[in-house]
Amino acid sequence: MNKDERNARYNAYVESKIPKTHNFPSLIYAFVIGGIICILGQTIKDTLLAIFDTMTPQEASNWASIGLIFLASLLTGLGVFDDIGAIAGAGTIVPITGFSNSIASPALEFKREGIIFGMCSKMFIVAGPVIVNGVVASIVVGLIYLIIGAF
Amino acid sequence: MSSKQTIIFKNQPKIISSYSIAGPKESYSVFAPYFDLVLKDDLWDCDSYEMAERKMLEHVIFNAIERAKMNPKDIDALICGDLLNQIISSSFAARKFDVTYIGLFGACSTMAESLAVGACLVDAGYFDKVACATASHFSSVERQFRMPLELGSQRPPTAQWTVTGGGCSILSNVGKGPKITTATFGKVVDYNITDANNMGAAMAPSAMNTMIQHFINTNTTPDDYDLIVTGDLGKLGAEILIDLMEYNGYKLGQNYMDCGHCIYTNEQNTFMGGSGCGCSALMLNSYIIQKIREKQYNKVLFIATGALLSTTSSFQGESIPGIAHAIVIEN
């Protein structure tokens, strides 16, 4: 048996031994906790709209996002967010809370290497790819929109 | 076919003293009563986790020496390694001791590697007293190899938890204690596992390789040992090793255990169990050595396994080479 064949057989064997993630319960957790976060955001928005007569729905949505970002950063700093995230999975990652946590957690982690070379430079190690891909995607979509709009 | 990997010691160096340290999460282990010091806070009054890891290493070395009723200056050489880049914990800890320092990198196999190297030096008579130590810290290792601690992500089911802990053994030809009779140095074995979250599967073939070679070279079988203990293969890795050994005609029975698999309790949700150089160092220098001293085990085969990857190599898509070193400890 040559090495490639041996490795392929071993990898196939290991694959069969790996315990599978329990999809169904994790889906439920993600749905419920993600849902709670969305309800929280909606609550902030509706409350603001009810209190301030002059506020537009757009402004209220912005404040709701800011509120969720703040809350997620605060919980990250208190060391609670990772425990929630471990149960909720995509439920906390997909809303804006995940983005907030992905910036706050490396900032906390690397502050020991100093403000500039630690915190500031490492802050985006997790969120950086998301920003880059978001910007690139928006350019592509913008170009398509521009081309279609020209006709 | 026998190979030149095995050394049978003529003078049989003795482990005259040992000391272990464990972190707060490890204090829930069923083996916790055997640990010499359990930390309540994993930062241990230090400014960073790296410094805490170094302090742990300094502490185990100092206390193992003291337990042997010696001063640090009585030690001829310090053989030490850890998981951090450029093995800073070991080298920085060695600053505190005015002794010859031999730094090793064997990833999680460091405890067995340092004992094997130390036993060679002592057995040959080049050095009289040698300290062999290693430590790892969950938080320092996690930030180097994986993600920030507070990131709310889910760990895959094959993940292992780096043990916060360490241990030190003092070897000498004179004095009392369990003897190191044989050492088998491992070869680097790679079965093309690329998932850095599945260390057990990456290391199991190297454990098999060293174990089989050891049995052939020493003309023994698994039944000749009271205990066969691997380092940090974890639950999955240990199961794979049992299968691999069976495939090669060796049956690992009740006398086989894996430190990583049994160090944490099921309720701790570490998935596959513990890992890191501290895992096998902690278990060897506490529970295992004590049971040998109490004569409950008289012949122990200790095989520590290491995954020789770096963050650069895993991001570049390279597979994970494994290493395993074995020593036999006898009464």
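Remember, it's a predicted structure, so these values are computed and weren't measured experimentally. (Residues numbered from 1 in each chain as written. Chains lettered and ligands numbered in written order. Predicted model: local features only at pLDDT ≥ 70, side-chain atom pairs only at ≥ 80, totals over all residues. Heavy atoms only, no water.)

## As for the state of the cysteines
Working definition: the covalent bond between the sulfur atoms of two cysteines is a disulfide.
Residue and element names in this part refer to chain B.
Then comes step 1: Scanning all chains against the criterion turns up 0 disulfides over all chains.
Then comes step 2: With no disulfide of its own, Cys277 lies closest to Cys108 among cysteine sulfurs, the gap being 5.6 Å.
Then comes step 3: Cys279 carries a free sulfur, and the closest cysteine sulfur to it, the one in Cys259, is 5.4 Å from it. (Disulfide = S-S within 2.5 Å.)

## Section: the packing of aromatic side chains
Then comes step 1: Summed over all chains, the structure comprises 7 aromatic pairs over all chains.
Then comes step 2: Considering the side-chain rings of Phe215 of chain B and Tyr225 of chain B, the 6.0 Å spacing of their centres and the 45° angle between planes classify their relative orientation as tilted. Note that Phe215 of chain B is positioned in helix H5 (residues 199–218) and Tyr225 of chain B in the loop between H5 and strand E10 (227–230), a separation of 10 residues in sequence.
Then comes step 3: Through pairs of rings, three or more aromatic residues link up here, namely Tyr10 and Tyr13 of chain A together with Tyr191 of chain B. (Phe/Tyr/Trp six-rings, centres within 6.5 Å; stacked < 30°, edge-to-face > 60°. Helix = DSSP H or I, 4+ residues; strand = E, 2+ residues; numbered from the N terminus.)

## A look at the environment of Ala201 of chain B
Then comes step 1: With respect to the helices and strands, the residue Ala201 of chain B is situated in helix H5.
Then comes step 2: The exposure class assigned to Ala201 of chain B is buried, which follows from its relative accessible area of 0%.
Then comes step 3: Between the C-alpha atom of Ala201 of chain B and that of Lys291 of chain B, which follows or precedes it by 90 residues, the distance is 29 Å.
Then comes step 4: Setting aside anything within four residues of it in sequence, one finds Ala201 of chain B in contact with Tyr10 and Val14 of chain A together with Ile193, Gly237 and Ile240 of chain B. (Buried < 20%, exposed > 50% of the residue type's maximum accessible area, 1.4 Å probe, protein only. Contact = heavy atoms within 4.5 Å.)

## Quick word on the side chain of Thr181 of chain B
Then comes step 1: Summarising the element assignment, Thr181 of chain B is placed in strand E9 (residues 179–184).
Then comes step 2: Beyond its immediate chain neighbours, meaning those up to four positions away, Thr181 of chain B contacts Ile7, Ile8, Phe9, Gln12, Val328 and Glu330 of chain B.

## As for the domain arrangement of chain B
Residue and element names in this part refer to chain B.
Then comes step 1: Each assigned domain of chain B is listed with its residue range as follows: domain 1 (10–172) and domain 2 (179–330).
Then comes step 2: Averaged C-alpha coordinates put domain 1 and domain 2 at centres separated by 18 Å.
Then comes step 3: Counting from both sides, the interface comprises 58 residues of domain 1 and, opposite them, 55 residues of domain 2.
Then comes step 4: Counting the surface lost from both domain 1 and domain 2, the interface buries some 4,300 Å², and carbon and sulfur atoms represent 65% of this.
Then comes step 5: On the domain 1 side of the contact with domain 2, Tyr34, Cys108 and Gln160 bury the most area, a combined 17% of that side's loss.
Then comes step 6: For the interface between domain 1 and domain 2, the tally reads 0 salt bridges.
Then comes step 7: Our enumeration of links across domain 1 and domain 2 arrives at 16 residue pairs in polar contact (both at pLDDT 80 or more). (Domains from an automatic or database assignment. Buried area = accessible area lost by both parts, 1.4 Å probe. Salt bridge = Lys/Arg side-chain N within 4 Å of Asp/Glu carboxyl O. Polar contact = N/O pair within 3.5 Å; in protein donor to acceptor, adjacent residues only side chain to side chain.)

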